[in-house]
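# A structural walkthrough
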Amino acid sequence: MTLSETSPAHREDSALADLNVLRTFLAVYRAGSFTAAAAKLGLSQPTVTSQIRSLERQTSRQLFKRLPRGVEPTAFAHELATHVSSPLDALGAIGTEDGRIGARSAPVHVAGPSELLCTRVLPALAGLVANGVQLRVAQGQTEQLLDELRGGQHDLVIITRRPRGRALESFALTDEEYTLIASPTWAERIQGQGDEPVCAALRTVPLVAYAEDMPIVRRYWRTVFGKQHPPVEPALTVPNLHAVVSAVSAGAGYSVVPRAICEDHIDDGRVVEINPSTETPLNTLFLVQRPGAETNPAVARVRDTLRDAAQGW
C-alpha cells in the first residue's frame, strides 16, 4: 500500500505515533538518560528504548551515545532537538488540567543550596508570591539538583558550576565571596600572634566545617595560603553553613563561609573577618532552566526576577 492509498484514519494514527516518538526523543534529550525520560513520561524503559531505535531507523542516524551514566546526544540529535522542541512545547502548553487555555499558571519549582535560598532567593521572590505566582522550593547540592532538573522535578535550579553540554540553558547569576571568620575572642588570639602567619596561628584554633572533606575551607587554603589543606581536621562538623556561622559566633572556633550568609554577624560584631583585605576565592553561581519550562509564563517571571535581583547581591 502506498502513502496515497493509506486511509485517513491510518494516516492520523501514524502521525500520532510519530508525534509520541518525537516527544520521547525530546524527553531523553533533555533528561540525559532513558531511565529518567521513562519516569517522566510514565513509560517503561524498554518502550523508550524501542521508540528511540525506531526513530533512529526512520532517520538513518544515531541519536545518542551510551555513557556509563546516561546518554550523550549526537550532533544530529542536537539539530533535531532544535527543530522539534518549540512545536512540541507549544502543543504541550495548549490546555491545562481543567482543559482551558489561559488558566492560572502552574506552580514554579525552584531549587538551590539551602543557605542561598534563605538569604537571597526567597527575599527576592516574595513580591512575586504576593502578586499571585505559586512557588515550590526545594534544596539540594549541584549534582543532585541537575539530575532532578533533567528528570522534570524542577523548573529552575541554582548550582555552583555550569552544566556540561548544550541541552540545558544556563545563566551566570552572581559570584559569592568566601571569607575566613572567627568569634571575637578567637580572632583576638589569632591576630595577636604578631608577625606569625595567620595559617600558622590557626593551628591552635578549632575548625568548624559543614562536611568532613571541607571543600570551601580547602579551596580557601589553596587560593590564599598556597597550601592543599588546613593545618587541622574539623573539630566540629554541622549540617549546613548557617549552622557553621552559628557555631563560630558562639565561640566554637573558626571557619570559611560565603560572606553573604554572615554579613549581619560581621556588621554587629558577632564574628570577625580574619585578613579582610586578602583577595579571597570567588564561586560563580549559575541559574539553569529546564527545557520546556518556558511554556509556563510564570517561570520567565521568576527567572528574570532572580537575574535582576542578583545584580545587587
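Here is a short report on the structure shown in this document.

Analysis parameters
Residues numbered from 1 in each chain as written. Predicted model: local features only at pLDDT ≥ 70, side-chain atom pairs only at ≥ 80, totals over all residues. Heavy atoms only, no water. Helix = DSSP H or I, 4+ residues; strand = E, 2+ residues; numbered from the N terminus. Buried < 20%, exposed > 50% of the residue type's maximum accessible area, 1.4 Å probe, protein only. Contact = heavy atoms within 4.5 Å. Axes fitted to C-alpha atoms, helices over the stretch in contact; angles between N-to-C directions. Parallel < 35°, antiparallel > 145°, perpendicular 65-115°, else oblique. Left-handed = near helix turned anticlockwise from the far one by under 90°. Nonpolar A, V, L, I, M, F, W, Y, C, P; charged D, E, K, R; others polar. Salt bridge = Lys/Arg side-chain N within 4 Å of Asp/Glu carboxyl O. Core = buried A, V, L, I, M, F, W, Y, C linked by side-chain atoms within 4.5 Å. Polar contact = N/O pair within 3.5 Å; in protein donor to acceptor, adjacent residues only side chain to side chain. Phe/Tyr/Trp six-rings, centres within 6.5 Å; stacked < 30°, edge-to-face > 60°.

Scanning the protein from terminus to terminus reveals 12 helices and 11 strands. For the protein, the residues scored as buried account for 42% of the 313 residues in total. Look at the contacts in the protein between residues 6 or more apart in sequence, and 70% of them connect residues 24 or more apart.

What follows concerns the packing of helix α5 (residues 114-130) against helix α12 (residues 297-310). Put simply, α5 and α12 touch, their axes get as near as 10 Å, and they point 130° apart. Between α5 and α12, the interaxial angle falls into the category oblique. At the point where α5 passes α12, the crossing takes the right-handed sense. For the pair formed by α5 and α12, the contact residues are Val-121, Ala-124, Leu-125 and Leu-128 on the first element and Arg-301, Val-302, Thr-305, Leu-306 and Ala-309 on the second.

To characterise two packed helices, one gives the angle between the axes of the helices and the distance between these axes. The contact between helix α2 (residues 34-41) and helix α3 (residues 45-59) brings their axes to 8 Å, and the two run at 110°. Considering their axes alone, α2 and α3 lie roughly perpendicular with respect to each other. Across the interface between the two elements, Phe-34, Thr-35 and Ala-38 from α2 touch Gln-45, Val-48, Thr-49 and Ile-52 from α3. Per-class residue counts for the contact of α2 with α3 are 4 nonpolar, 3 polar and no charged.

Throughout the structure, instances matching the rule amount to 7 salt bridges. With a closest N to O distance of 2.7 Å, Asp-155 and Arg-290 form a salt bridge. Separated by 135 residues along the polypeptide, Asp-155 in the loop between α6 (142-150) and β5 (156-159) and Arg-290 in the loop between β11 (282-289) and α12 bring together distant segments of the chain. Judged by relative accessible area, Arg-290 falls into the buried class, the value being 15%. Measuring nitrogen to oxygen at the nearest pair gives 2.8 Å for the salt bridge that ties Asp-268 to Arg-270. You can call Asp-268 partly exposed: its relative accessible area is 47%.

In terms of nonpolar packing, the biggest core is built from 35 residues, with Leu-180, Ile-190, Leu-202, Trp-221, Tyr-254, Val-256 and Val-257 touching the most fellow members. In contact with Ile-190, other than residues within four places in its own chain, are Ala-182, Val-198, Ala-201, Leu-202, Val-205 and Ile-274. Within the second largest apolar cluster, 22 residues are counted, among which are Ala-27, Val-71, Ala-81 and Val-84.

It is worth spelling out the environment of Asn-131 at this point. Looking at where Asn-131 falls in the secondary structure, it is placed in the loop between α5 and β4 (135-139). In terms of polar contacts, Asn-131 uses its side chain to reach the backbone carbonyl oxygen of Gly-127, at 3.1 Å.

Moving on: the packing of aromatic side chains. One pass over the structure, following the stated rule, counts 7 aromatic pairs. Ring plane angle 85° and centroid distance 6.1 Å describe the contact between Phe-34 and Phe-64, whose orientation is recorded as edge-to-face. Of this pair, Phe-34 sits in helix α2 while Phe-64 sits in strand β1 (residues 64-66), and the two are 30 residues apart along the sequence. Judged by its relative accessible area of 7%, Phe-34 falls in the buried class.

At Ser-60, a position not held by glycine, the phi torsion is positive, near 60°. Within the secondary structure, Ser-60 sits in the loop between α3 and β1. Taking the relative accessible area as the measure of exposure, Ser-60 reaches 64% and is therefore exposed. The phi dihedral of Met-214 is positive, around 50°, even though this residue is not glycine. Relative to the helices and strands, Met-214 is located in the loop between β7 (208-209) and α9 (215-225).

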